[in-house]
Amino acid sequence: MGLNEQLSQPGTSYGDSFQIASVDSVINWGRSFSLWPYPFATACCGIEYMSTSCADYDIARFGAERPSFSPRQADMILVLGTITYKMAPVLREIYDQLSEPKFVISYGACASSGGMFHAYSVLQGIDRILPVDLYVPGCPPRPEALLDAVVKLQEKVKTQGLEARRQEVMDKIREMNERNKPLVVR
């Protein structure tokens, strides 16, 4: 078995002494366990997020224990709660300031679809302004649901390269812009 065949199977262990891996897989593994969330909490989902950081649930086991309140030091935004049209430009600006590659988790019914608030002032889902990676259902969702979303995002980060991530975000933004075109009636 030559070196090329061994490198095509990253993660293969050779006894207790060493393991073969590609540089990309090692970098992706490291990035998956160092997700720094920016919590954008506006409602009761923010309380559920706070409980996720406590000892009972301990989000630190997944490498996301350091909430960053500066978007330039975060790579994942957690949108927790109701977003109004007045808040939407601020949320989009914060998303634009996140470090690359950036990820979005929509937490709760209000962030995902507007929830029970079918009013002119409430944004009916943040996927109208942000490319969402994961939706966490519930009103409010349990802390276990957020931990499950973090695990799913970690798997995505481990398997997806930077160029594939960039292409996925561009496709989501293109789809978002197509959906948000104004309706022209003639």
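Residues numbered from 1 in each chain as written. Predicted model: local features only at pLDDT ≥ 70, side-chain atom pairs only at ≥ 80, totals over all residues. Heavy atoms only, no water.

Notes on the overall build of the protein
And then number 1: Counting its regular elements, the protein contains seven helices and six strands.
And then number 2: Helices (α) and strands (β) of the protein occur, in sequence order from the N terminus, as α-β-β-α-β-α-β-α-β-α-β-α-α.
And then number 3: Taking all 186 residues of the protein together, the buried fraction comes to 41%.
And then number 4: At a minimum sequence separation of 6, the contacts of the protein that also span at least 24 residues come to 74%.
And then number 5: For the protein, the accessible surface area stands at approximately 10600 Å², while carbon and sulfur atoms represent 59% of it. (Helix = DSSP H or I, 4+ residues; strand = E, 2+ residues; numbered from the N terminus. Buried < 20%, exposed > 50% of the residue type's maximum accessible area, 1.4 Å probe, protein only. Contact = heavy atoms within 4.5 Å. Areas by Shrake-Rupley, 256 points an atom, 1.4 Å probe, with all protein chains shown as cover.)

A look at the pairing of strand E3 (residues 37-41)
And then number 1: In terms of burial, E3 is largely enclosed, as four of its five residues are buried.
And then number 2: Of the pairings in the sheet, the one linking E3 to strand E4 (residues 76-80) comprises five bridges and is parallel in character. Looking at E4, one finds that Phe-40 is bridged to Val-79. (Pairing = 2+ DSSP bridges.)

Thoughts on the UniProt feature "binding site: [4Fe-4S] cluster" (unreviewed entry) in the protein
And then number 1: Mapped onto this numbering, the UniProt entry gives "binding site: [4Fe-4S] cluster" (unreviewed entry) at Cys-44, Cys-45, Cys-110 and Cys-139. These annotated residues cover 96 residues of sequence, and their C-alpha atoms lie no more than 10.0 Å from one another, placing them together at a single site.
And then number 2: Residue position: Cys-44 is located in the loop between E3 and helix H3 (45-52).
And then number 3: On the accessibility criterion, Cys-44 (43% relative accessible area) is partly exposed.
And then number 4: Along the polypeptide, Cys-110 turns up in helix H5 (residues 109-113). (UniProt positions renumbered as here; feature names shortened; annotations may be inferred.)

Observations regarding unusual backbone geometry
And then number 1: Cis geometry is found at the peptide bond from Glu-100 to Pro-101, where omega equals -15°.
And then number 2: Among the secondary structure elements, Pro-101 is positioned in the loop between helix H4 (88-97) and strand E5 (103-107).
And then number 3: Following Cys-139, the chain continues into Pro-140 via a peptide bond in cis, with omega recorded as -20°.
And then number 4: Phi at Asp-58 is positive, roughly 55°, even though this residue is not glycine.

As for the pattern of salt bridges
And then number 1: Summed over all chains, the structure comprises 16 salt bridges.
And then number 2: A salt bridge links Asp-133 to Lys-172; its shortest N-O distance comes to 3.2 Å. Highlighted residues: Asp-133 in the loop between H5 and strand E6 (134-136) and Lys-172 in helix H7 (residues 162-179), separated in sequence by 39 residues.
And then number 3: Put simply, Arg-179 and Glu-175 hold a salt bridge, and the shortest N to O gap is 3.6 Å. Of this pair, Arg-179 and Glu-175 both sit in helix H7, four residues apart, which is roughly one turn of that helix. (Salt bridge = Lys/Arg side-chain N within 4 Å of Asp/Glu carboxyl O.)

Concerning the sheet that holds E4
Strand pairing in a sheet takes place through backbone hydrogen bonds and is either antiparallel or parallel in direction.
And then number 1: The strand order across the open sheet built from four strands is E3-E4-E5-E6, with neighbouring strands paired in parallel fashion. In this open sheet, the two edge strands, each paired with only one partner strand, are E3 and E6. Pairwise comparison of adjacent strand axes, ignoring direction, gives a mean angle of 20° for this sheet.
And then number 2: With three bridges connecting them, E5 and E6 associate as parallel partners. By the bridge assignment, Tyr-107 is partnered in E6 with Val-136.
And then number 3: Most of the contacts of H4 go to E4, to which it runs at about 160°, and overall it touches E3, E4 and E5. (Axes fitted to C-alpha atoms, helices over the stretch in contact; angles between N-to-C directions.)

Things to note about the environment of Asp-127
And then number 1: Relative to the helices and strands, Asp-127 is located in the loop between H5 and E6.
And then number 2: For the pair formed by Asp-127 and Ser-106, sequence separation is 21 residues and the distance between their alpha carbons is 8.5 Å.
And then number 3: Polar side-chain contacts of Asp-127 include one of 3.1 Å to the side chain of Tyr-135. (Polar contact = N/O pair within 3.5 Å; in protein donor to acceptor, adjacent residues only side chain to side chain.)

Digging into the environment of Ile-173
And then number 1: Among the structural elements, Ile-173 can be located in helix H7.
And then number 2: Separated by 43 residues in sequence, Ile-173 and Leu-130 have C-alpha atoms that sit 7.6 Å apart.

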